[in-house]
Amino acid sequence: MSNQLRKDVVLFNHWAIDQYNYQIGDVVTLRHPDKPARTVIKRIIALEGDVVQTRSPYPEAHVRIPRGHCWVEGDEMFHSKDSNNFGPVPLGLVKSKVEYILYPFNRFGKVPDKPRGSRVRYAPGHKVYNRMDDNDY
């Protein structure tokens, strides 16, 4: 993700965050939890109540996302400093949604979805992108 959008010109939607209009699969900007002066771009993988199967170096195999938090990851799983490094992120650190890629022109358009994997058990009621049948759980 960070390498993908690093040189792109993108359109941010700050109002979506003010209205709590974000969901699983959204690409967002947020303050880095350990370095607040730094802004990072990640994808929301899970929201409160969801259970995530973590990756190394996170110390636990699974984590339930606490209230008021989300789990974010970069699309390039082995080259990303994300929730697998710093854990669930307070939603207060999320600053905007990345809505569109404006430049380069060959990538112009809405930020593409990333197919979800099977590492998350979603809490009832979430709007999940690329939702599978409920029987898959």
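The coordinates are above.
Below is a summary of the structure that appears in this document. What you see is a predicted model; the values in this text were computed from it and never measured. (Residues numbered from 1 in each chain as written. Predicted model: local features only at pLDDT ≥ 70, side-chain atom pairs only at ≥ 80, totals over all residues. Heavy atoms only, no water.)

Overview of the sheet that holds strand 4 (residues 51-53)
Formally: Pairing between two strands is assigned when DSSP locates at least 2 bridges connecting them. For helices the rule is a DSSP run of H or I covering at least 4 residues; for strands it is a run of E covering at least 2, with both sets numbered from the N terminus onward.
Strands sit in the order 5-4-10 across an open sheet of three strands; the sheet is antiparallel. Every other strand in the sheet has two partners, leaving strand 5 (62-64) and strand 10 (120-121) as the edge strands with one partner each. The sheet contact formed by strand 4 and strand 5 spans three bridges and is antiparallel. By the bridge assignment for strand 5, Q53 is matched with H62.

Structural notes on the packing of aromatic side chains
For clarity, the threshold we go by: Think of it this way: a Phe, Tyr or Trp ring, Trp meaning its six-membered ring, pairs with another when their centres are within 6.5 Å, and the plane angle makes it stacked under 30 degrees, edge-to-face over 60, tilted otherwise. Note on classification: 1.4 Å probe, protein chains only; a residue is buried when its accessible area is under 20% of the maximum for its type, exposed when over 50%, partly exposed between these limits.
Overall, the coordinates contain two aromatic pairs when judged by the stated rule. Their ring planes at 90° and their centres at 5.1 Å tell us that Y103 and F105 sit as a pair that is edge-to-face. According to the relative accessible area criterion, Y103 is partly exposed, its value standing at 42%. Here F105 falls in the exposed class, since its relative accessible area comes to 64%.

Points about the pattern of salt bridges
Keep this limit in mind: Salt bridge criterion: a side-chain nitrogen from Lys or Arg within 4 Å of a carboxyl oxygen from Asp or Glu.
In the structure shown here, the tally under the stated rule is seven salt bridges. Measuring nitrogen to oxygen at the nearest pair gives 2.8 Å for the salt bridge that ties R119 to E73. Here the residue R119 occupies a position in the loop between strand 9 (109-110) and strand 10, and E73 occupies one in strand 6 (residues 69-73), the gap between them amounting to 46 residues. With a closest N to O distance of 3.8 Å, K97 and E99 form a salt bridge. The two residues K97 and E99 agree in class, both being buried. Three or more residues joined by partner-sharing salt bridges are found here, namely D26, K97, E99 and K110.

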